[in-house]
Amino acid sequence: MTVMHRLRLLHRLFAVSAAETAEYRAPILVWVLTGTMPLIMMMIWMGLAKAGPMAGYEAEDFAAYFLAIFLVRQMTVCWVHEELSREIRLGEMSPRLLRPLDPYWLFVAQHLTVAAMHLVIALPVAVIGFAATGATIPLEPANSVLFVLAIAGAWTIRFNMLYGVGLLAFWTDQAAALGNLIFTLYIVLGGAVVPLDLFPASVQQALAFLPFAYLLNFPVEVLLGKLTGPAVLRGFVVQLLWILLFVGLRHLLWRNGLKRYSAVGA
């Protein structure tokens, strides 16, 4: 298959995914609204900050942080492990294997189009939040470009990590349960409940080696201009390392799981 042929397939794939996503506008609106937990945390922390700054955060700083967390979560939405594990367990993966493209790319197209729809709904909500709280973001060109790159890295890490979790369904029925555990760690250790700056220094150092901080906190700090050049570079290097790890793990699980899937006649 030539490169041009692959590009045409991907173009058609995204077009189909966009058409399918457009048919489910109401459920997407519900999904966005169920992801407003960062906005609730924003109100809580803003209330606590009325008594005085906390670790350098004023009330407006908490507002900017959690509104940015809200946007990052909407742009990196991922549920691939649930759908993938279900299809493997029920044998629904078989029709996908007959297509001339790895099922991975089918899920990629689906998730990216849904993320775009989420952003269309979430962005006005965030704009209203910034206007209501008086919070601001330093929208400098350099920070904006770096933020886009950080979002791309965060999405790639999370998608491949959860794709690998979904592939565990080749061996166990508990893949979805592991996905729920990872989601909890993602929320707590990623900075969606408490800004990571408020954790003890020893905990922050430990989190610097885990992927969760690079899914939420890192893109947010890049957007808010809180990181200097070396810290930004270090963050991107760690993101790249986690991407390589999870992509490699995904390939390994897929190759071995597919052999097992075929062996049982699915």
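Placed above this text is the structure.
Let us look at the structure shown here.

What counts as what
All residue numbers refer to position in the chain's written sequence, counted from 1. The predicted origin of the model limits local features to residues at a pLDDT of at least 70 and limits the giving and counting of side-chain atom pairs to 80 or more, whereas totals for whole chains, interfaces and linings rest on all residues. Each side-chain value is worked out from all heavy atoms of the structure, with water and hydrogens disregarded. Ring geometry is summarised as follows: Phe, Tyr and Trp rings, the Trp one being its six-membered ring, pair when their centres sit within 6.5 Å, and such pairs are stacked at plane angles under 30 degrees, edge-to-face over 60 and tilted between the two. Counting from the N terminus, the helices are the DSSP runs of H or I reaching at least four residues and the strands are the DSSP runs of E reaching at least two. For every residue, the accessible area (1.4 Å probe, protein chains only) is compared with the maximum for its type, and the residue is labelled buried under 20%, exposed over 50%, or partly exposed between those bounds. When the NZ atom of lysine or the CZ atom of arginine is within 6 Å of a ring's centre and also within 35 degrees of its normal, the charge is said to sit over that ring.

In total, this model carries 16 aromatic pairs according to the counting rule given. With a centroid separation of 5.3 Å and an interplanar angle of 20°, the aromatic rings of W45 and F62 are classed as stacked. Here F62 lies in helix α4 (residues 59-75) and W45 lies in helix α3 (residues 37-49), a separation of 17 residues in the sequence. According to the relative accessible area criterion, F62 is buried, its value standing at 0%. When the centroid spacing of 5.8 Å and the interplanar angle of 40° are considered together, the rings of F159 and Y163 count as tilted. Highlighted residues: F159 and Y163, both in helix α8 (residues 141-167), separated by four residues, approximately one helical turn. Accessibility assignment for this pair places F159 and Y163 in one class, buried. Within the aromatic cluster, the residues linked to one another by ring pairs are Y104, W105, F107, W155, F159 and Y163. A cation sits over an aromatic face here: R96 above F107, 4.4 Å from the ring centre. Directly above the aromatic system of Y163 lies the positively charged group of R250, at a separation of 6.0 Å from the ring centroid.

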